[in-house]
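# Understanding the architecture of this molecule
One letter stands for each residue in the lines below.
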Amino acid sequence: MDVNTNQDFIRDIVKEDLASGKHRFITTRFPPEPNGYLHIGHAASICLNFGIGKENDSAKCNLRFDDTNPSKENTEFVEAIKKDIQWLGFDWDDREYFASDYFQKLYEFAMILISQEKAYIDSQTQDEIKANRGTLTEPGSDSPYRNRNPQENIKLLEEMRNGIHRPGSHVLRAKIDMSSPNLNMRDPVMYRILDTPHHRTGDEWPIYPMYDFAHGLSDSIEEVTHSLCTMEYEDHRPLYDWFIDELKVFKSRQIEFGKIFLSHTILSKRNLTKLVEAELVSGWDDPRMPTISGMRRLGYTADSIREFCRRVSITKRWHTAEIELLEHCLREDLNKKANRALAVLRPIKLVIENYPEDQVEYLEAANNPQDSDSGTRKLPFSKELYIEQDDFMENPPKKFFRLTVGREVRLRYGYLITCIEIIKDPITGEVIELRCTYDPKTRGGNAPDGRKVKSTIHWVSANHSIDAEVRLYERLCLDPEPDISDGESLETVLNPNSLEIIRSAKVEPSLRESTPGNPIQFERLGYFCLDSENSDNSNNLVFNRTVSLRDSWSRVQSHN
């Protein structure tokens, strides 16, 4: 990974703080909530926080799970998040933390604030609290319980801690300012009662800290120097600072940056959860999902995602990156890494009439023209082949240069052939077989007499090819801004043709040794990879199309 090319305003701050001596050591953290899978939007934050740790000898990045909402969190999400971060090329060594590690400490902080008359138990209902909060233009109203004495508040919090009170009967609130123009400062809730087991602490705690109480103080406990977050938390910073100042604990510096969106891509965790729960996709790792696990299964590489994050960069403004840029970064990387192979998705048989009946030749083919060290492989060539149905037309238009009756074309790595006859199904009239001749002097694709052909097509040997299922994935969303509000239906933004399954593809025999995670370019067709979930052995090959060969981004950029 080339970490020296990363540059943005946050990295500039880090360098200045180290150079000036303000900090001898930098600590950042990546703090996911374990209530879903990471997606491409999280990748920018991962690359930023962990990248700073990689780029500076005097820096490190913690992994901390902000697990304060047990009703939506579980161990599956924790393990998936860790796997995705490591796959992207980052590690946290022994610095894996959880907000739940600090539940006792946070409870003690709450007791301190109560004793300082900076927090109180509110016995209003949730609806009453909401109604008395006020609006952006109207101040809120004090709770009738706001001036409870500290002793009573401590007693009630202890009872809440001991499970005596039912959910919804009481909450702990900070006593700040109900007339503050910042709604986050209007006596925010710090603790609530939940009758829900926690994925780590079980039934030990019947009360749980709110995110805004736990988050900044968890940074403080870990002595995070630079707390990096997206711009929607800018209005929360005064609240985090208030807790830290009142408790007189270590103060992290919060720095906000603009969230990165991606065109044609759902990134709202709420909507992604809906996709999974409504079974509109097969799961969080469905190859159409923008989750890191889904993209990995589709065939994305960690290098391509990191390169995308480097190019979009970190700025102070929210912005939407074009999905074409992400796909361009992917193609650039796959072009260098992917071995080539021949595969025929919709086969039609081609018989070379003048080729010896039992002869088999093995033609040499480069594994990857972009990598001289990748070597070559041998392709079996025989009398009966399969080619793509689309590479033949009985009555071609003027600009169709591939195979038709009477026309000579080149077989990739093979010979020049000419179609002399077609065989049709007697009932449907569909062309089911092509009869051709070959020029034995043109092995390798070039004619000794110098004659030229206008087209090269791919093929596989009928007797040596192996069967495979191929899944042609398209973008899940046609709408460039597909994240919807609560009242809308996700089906309105989804692409009904986002997946086509071809069950009768024929591929070259070398692909029997394919393994998940190793990209392949099916020549002339696109980049593919073996599916990690549904390919259980060499007799059950399932390939996912990662991305097509055509690169619209580079074409657009070349004209700008």
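Residues numbered from 1 in each chain as written. Predicted model: local features only at pLDDT ≥ 70, side-chain atom pairs only at ≥ 80, totals over all residues. Heavy atoms only, no water.

### Examining the pairing of strand β26 (residues 526-530)
Judged by how many residues are buried, β26 sits mostly within the fold: five of five residues are covered. Following strand β25 (residues 520-522), the chain reverses through three residues before pairing antiparallel with β26; Arg524 in that reversal takes a positive phi of roughly 75 degrees. Relative to strand β27 (residues 542-547), β26 runs antiparallel, the two being bridged by four bridges. Of the residues in β27, the one forming a bridge with Phe528 is Arg545. (Buried < 20%, exposed > 50% of the residue type's maximum accessible area, 1.4 Å probe, protein only. Helix = DSSP H or I, 4+ residues; strand = E, 2+ residues; numbered from the N terminus. Pairing = 2+ DSSP bridges.)

### A word on the sheet that holds strand β3 (residues 96-98)
What the three strands build is an open sheet, ordered β1-β2-β3; its pairing is parallel. Whereas interior strands pair on both sides, the edge strands pair on one side only; in this sheet they are β1 (26-30) and β3. Each strand of the sheet is rotated relative to its neighbour by a mean of 35 degrees, with strand direction disregarded. Sheet analysis places strand β2 (residues 59-65) next to β3, joined by three bridges and oriented parallel. Counted as the bridge partner of Arg64 is Tyr97 from β3. (Axes fitted to C-alpha atoms, helices over the stretch in contact; angles between N-to-C directions.)

### Points about the pattern of salt bridges
Counted according to the given criterion, the structure contains 49 salt bridges. One salt bridge connects Glu469 with Arg503, and the closest N-O pair in it is separated by 3.1 Å. Linking Glu469 in strand β23 (residues 466-473) with Arg503 in strand β24 (residues 499-507), this pair joins segments that are 34 residues apart in sequence. Classification of Glu469 as buried rests on a relative accessible area of 15%. (Salt bridge = Lys/Arg side-chain N within 4 Å of Asp/Glu carboxyl O.)

### Quick look at the packing of aromatic side chains
Summed over the entire model, instances satisfying the criterion amount to 21 aromatic pairs. Relative to Phe50, the ring of Phe30 has its centre 6.4 Å away and its plane inclined at 55 degrees; by these criteria the two rings are tilted. Residue Phe30 is located in strand β1, and its partner Phe50 is located in helix α2 (residues 40-55); the two are separated by 20 residues in the primary sequence. Assigned by exposure class, Phe30 and Phe50 land together as buried. Geometrically, the ring pair formed by Tyr355 and Phe381 is edge-to-face, given 5.4 Å between the ring centres and 70 degrees between the ring planes. One end of the pair, Tyr355, is in the loop between β14 (347-352) and β15 (361-366); the other, Phe381, is in strand β16 (residues 376-381), with 26 residues separating them in the sequence. (Phe/Tyr/Trp six-rings, centres within 6.5 Å; stacked < 30°, edge-to-face > 60°.)

### What about the nonpolar core?
Within soluble globular proteins, side chains that are nonpolar generally end up buried alongside one another. One finds Ile10, Ile40, Phe50, Ile85 and Phe308 to be the most contacted residues of the largest nonpolar core, which totals 53 residues. Top element by residues in this core is α2. It accounts for eight residues. Discounting chain neighbours no more than four positions away, the residues touching Phe308 are Ile40, Leu262, Ala321, Leu325, Leu326 and Cys329. Counting 32 residues, the second largest nonpolar core, distinct from the first, contains Ile114, Leu172, Phe213 and Ala214. (Core = buried A, V, L, I, M, F, W, Y, C linked by side-chain atoms within 4.5 Å. Contact = heavy atoms within 4.5 Å.)

### What to know about the sheet that holds strand β6 (residues 189-193)
The four strands lie next to each other as β4-β5-β6-β7, forming an open sheet whose pairing is antiparallel. Either end of the sheet is taken by a strand with one partner, and the two such strands are β4 (119-122) and β7 (207-209). Strand-to-strand, the axes of this sheet are offset by a mean angle of 20 degrees, without reference to chain direction. Note: β4 against strand β5 (residues 171-174), four bridges, orientation antiparallel.

### Regarding the packing of α2 against helix α11 (residues 302-312)
Interaxial distance between α2 and α11 falls to 9 Å at its minimum, and their mutual angle equals 75 degrees. Of the possible angle classes, the one that applies to α2 and α11 is roughly perpendicular. Residues Ile40, Ala43, Ala44 and Cys47 of α2 lie in contact with α11, whose contacting residues are Ile305, Arg306, Phe308 and Cys309. Across the contact of α2 with α11, the residue classes tally to seven nonpolar, no polar and one charged. (Parallel < 35°, antiparallel > 145°, perpendicular 65-115°, else oblique. Nonpolar A, V, L, I, M, F, W, Y, C, P; charged D, E, K, R; others polar.)

### Remarks on unusual backbone geometry
With a phi angle near 45 degrees, Asp187 is a residue other than glycine that sits in the positive phi range. Along the chain, the position of Asp187 falls in the loop between β5 and β6. Phi is positive for Lys248, which is not a glycine, with a value near 55 degrees. Examined against the element boundaries, Lys248 turns out to sit in the loop between α8 (237-247) and β9 (253-257). On the accessibility criterion, Lys248 (72% relative accessible area) is exposed.

### Brief notes about the environment of Ser532
Along the chain, Ser532 falls in the loop between β26 and β27. Once the C-alpha coordinates of Ser532 and Asn544 are considered, the two residues, twelve residues apart in sequence, prove to be 9.5 Å apart. Once residues within four sequence positions are removed from consideration, Ser532 is found in contact with Arg297 and Pro516.

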